[in-house]
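Chain and residue survey
This is what each chain is made of:
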Amino acid sequence: MNFNEQLQQKAADAEDILKKYLPEEEGYQKKVIEAMNYSVLAGGKRLRPVLMKESFLLFGGQGEVIEPFMAALEMIHNYSLVHDDLPAMDNDEYRRGRKTTWTVYGEGMAVLAGDGLLNYAYETAVKAFDKADDLEEMKRVARALQILAEKAGIYGMIGGQNGDLEAEEGKLPLTEELLLFIHEKKTAALIQAALMIGGILAGASDTEIGSLEKAAYDIGIAFQIQDDILDVTGNEKILGKPIGSDEKNHKLTYVSLNGLEKSREDVKRLSGEAEEILSSFQEKNPFLISLIDSLITRQK
């Protein structure tokens, strides 16, 4: 089985786990649950739960304790997309080729659907306690919950969204420092949650967890720089969206600050750092290294 076939199978497995934890569409709250499930089942690569599972396997993790966290992280990712699409934010009517949640269910219900997904993510994650075999594993679940909340919250993804929103509104000068902060918090934070939680639940040491956090930072920043590069050099047919939108919208990007050559060098450097870290552990996971490489060097 080649890499693409492996990725397709692992993404399908993550999809099955996610569906297992979604709420039933019933009761007086049926409509908001419909909107939640519509949002989550709109497609997607399921990269974050796949990364979490691969980190878990890297450190010899076994059992189903990882599954509630895989589902929870994907719910958090999708709640952020529901809110991002709202008229008050990015005002997008389509995502992944179909109508966004607010255009189907209305703005108010979309707000509730995002809120519902975020809250239900934690309801889902705590179910990992029921799958823990002993006190030590329960302690790992508690620590994983702490990481999940932190990386999704005001010191993680929401903090990055705050910086992005204020920069767009001209309330903060968009310097390189702020740009890297936004990339770290909006993108890298949930990748950090994925790798760190996988390691924590498998029993990785504090030093190893710190290394995973650094690797995920590198991956997230490189991913966003590559995004900026593709907006300049990409093929519209491959990307599936117009190129040059950043320049047209006078948006400050890593490329506009540092130029194409340095941006490409930094993607290569960050990618190399991340892969070196992930290859440094006693056990190896070649698929995880290939997945990271495919994320950073992608052409769409």
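On a predicted model such as this, the values are computed, not experimentally measured, just so you know.

About the thresholds
Residues numbered from 1 in each chain as written. Predicted model: local features only at pLDDT ≥ 70, side-chain atom pairs only at ≥ 80, totals over all residues. Heavy atoms only, no water. Helix = DSSP H or I, 4+ residues; strand = E, 2+ residues; numbered from the N terminus. Rg over C-alpha atoms; globule rule 2.2 N^0.38 Å. Buried < 20%, exposed > 50% of the residue type's maximum accessible area, 1.4 Å probe, protein only. Areas by Shrake-Rupley, 256 points an atom, 1.4 Å probe, with all protein chains shown as cover. Lys, Arg positive; Asp, Glu negative; His and termini not counted. Charge placed at Lys NZ, Arg CZ, Asp CG, Glu CD. Salt bridge = Lys/Arg side-chain N within 4 Å of Asp/Glu carboxyl O. Expected span 1.5 Å × (residues − 1). Arc of directions from axis to C-beta. Contact = heavy atoms within 4.5 Å. Core = buried A, V, L, I, M, F, W, Y, C linked by side-chain atoms within 4.5 Å. Phe/Tyr/Trp six-rings, centres within 6.5 Å; stacked < 30°, edge-to-face > 60°. pLDDT = per-residue confidence, 0-100.

Regarding its fold elements, the protein presents 14 helices and 2 strands. Here the protein has a C-alpha radius of gyration of 19 Å; the compact-globule value for 300 residues is 19 Å, and the two agree. Referenced to the eigenvectors of the C-alpha coordinate spread, the extents of the protein come out at roughly 55 × 50 × 40 Å. Within the protein, buried positions represent 49% of all 300 residues. Counting only carbon and sulfur atoms, one obtains 50% of the accessible surface of the protein, whose full area is about 14,700 Å². Separation between the mean location of the 34 positive side-chain charges and that of the 51 negative ones in the protein comes to 3 Å.

Right, let's talk about the pattern of salt bridges for a bit. By the definition in use, this model includes 18 salt bridges. Where Arg-46 meets Glu-15, a salt bridge forms, and the shortest distance between an N and an O atom there is 2.6 Å. You can see Arg-46 sitting in the loop between α2 (30-40) and α3 (47-58) and its partner Glu-15 sitting in helix α1 (residues 3-21), a full 31 residues away along the chain. Comparing Arg-46 with Glu-15, the two get one shared label, buried. Counted as one network, the salt bridges with shared partners bring together Lys-214, Asp-218, Lys-262, Asp-266, Arg-269 and Glu-273.

On to helix α7 (residues 135-152). Helix length check: α7 (18 residues) gives 26 Å between terminal C-alpha atoms against 26 Å at 1.5 Å per residue, within 8%. Of all the positions in α7, only Glu-137, Val-141, Ala-144, Leu-145, Ile-147, Leu-148, Lys-151 and Ala-152 are classed as buried. Taken down its axis, α7 places every buried residue within 165° of arc, on the same side. The exposed set on the far side of α7, more than 90 degrees from its buried face, consists of Leu-135, Lys-139 and Gln-146. In this structure, the buried side of α7 is in contact with α4 (67-84), α6 (107-125), α8 (157-168), α9 (176-202) and α10 (206-233).

By size, the foremost hydrophobic cluster in this structure holds 79 residues, and its most contacted members are Leu-51, Phe-69, Met-75, Ile-197, Leu-201 and Leu-278. Considering every element that reaches this core, the biggest residue donor is α9, with 11 residues. Excluding residues that lie within four positions of it along the chain, Leu-51 makes contacts with Ile-191, Ala-194, Leu-195, Leu-288, Leu-291, Ile-292 and Leu-295.

Summed over all chains, the structure comprises 3 aromatic pairs. Geometrically, the ring pair formed by Phe-3 and Phe-287 is tilted, given 5.3 Å between the ring centres and 35° between the ring planes. Here Phe-287 lies in helix α14 (residues 286-296) and Phe-3 lies in helix α1, a separation of 284 residues in the sequence. Take Phe-287: its relative accessible area is 7%, and that puts it in the buried class. Pairing Tyr-38 with Tyr-105 gives two aromatic rings, centres 5.7 Å apart and planes at 70°, and the pair type is edge-to-face. Note that Tyr-38 is positioned in helix α2 and Tyr-105 in helix α5 (residues 101-105), a separation of 67 residues in sequence. Given the relative accessible area of 18%, Tyr-38 is considered buried.

Here the focus is the confidence of the model for the protein. Should the pLDDT be low somewhere, the predicted coordinates at that spot are not to be read in detail. Summary statistics for the protein give a mean pLDDT of 92 and a share of 93% for residues scoring 70 or more. In this model residues 236-250 is a low-confidence stretch, pLDDT under 50, and it forms 21 contacts with partners more than four residues away in sequence or in other chains.

This paragraph deals with unusual backbone geometry. The phi dihedral of Arg-46 is positive, around 55°, even though this residue is not glycine. What makes Arg-46 buried here is its relative accessible area of 2%. Not every positive phi belongs to a glycine, and Asn-91 is a case in point at roughly 55°. For Asn-91, the position within the fold is in the loop between α4 and β1 (94-95). Judged by relative accessible area, Asn-91 falls into the partly exposed class, the value being 43%.

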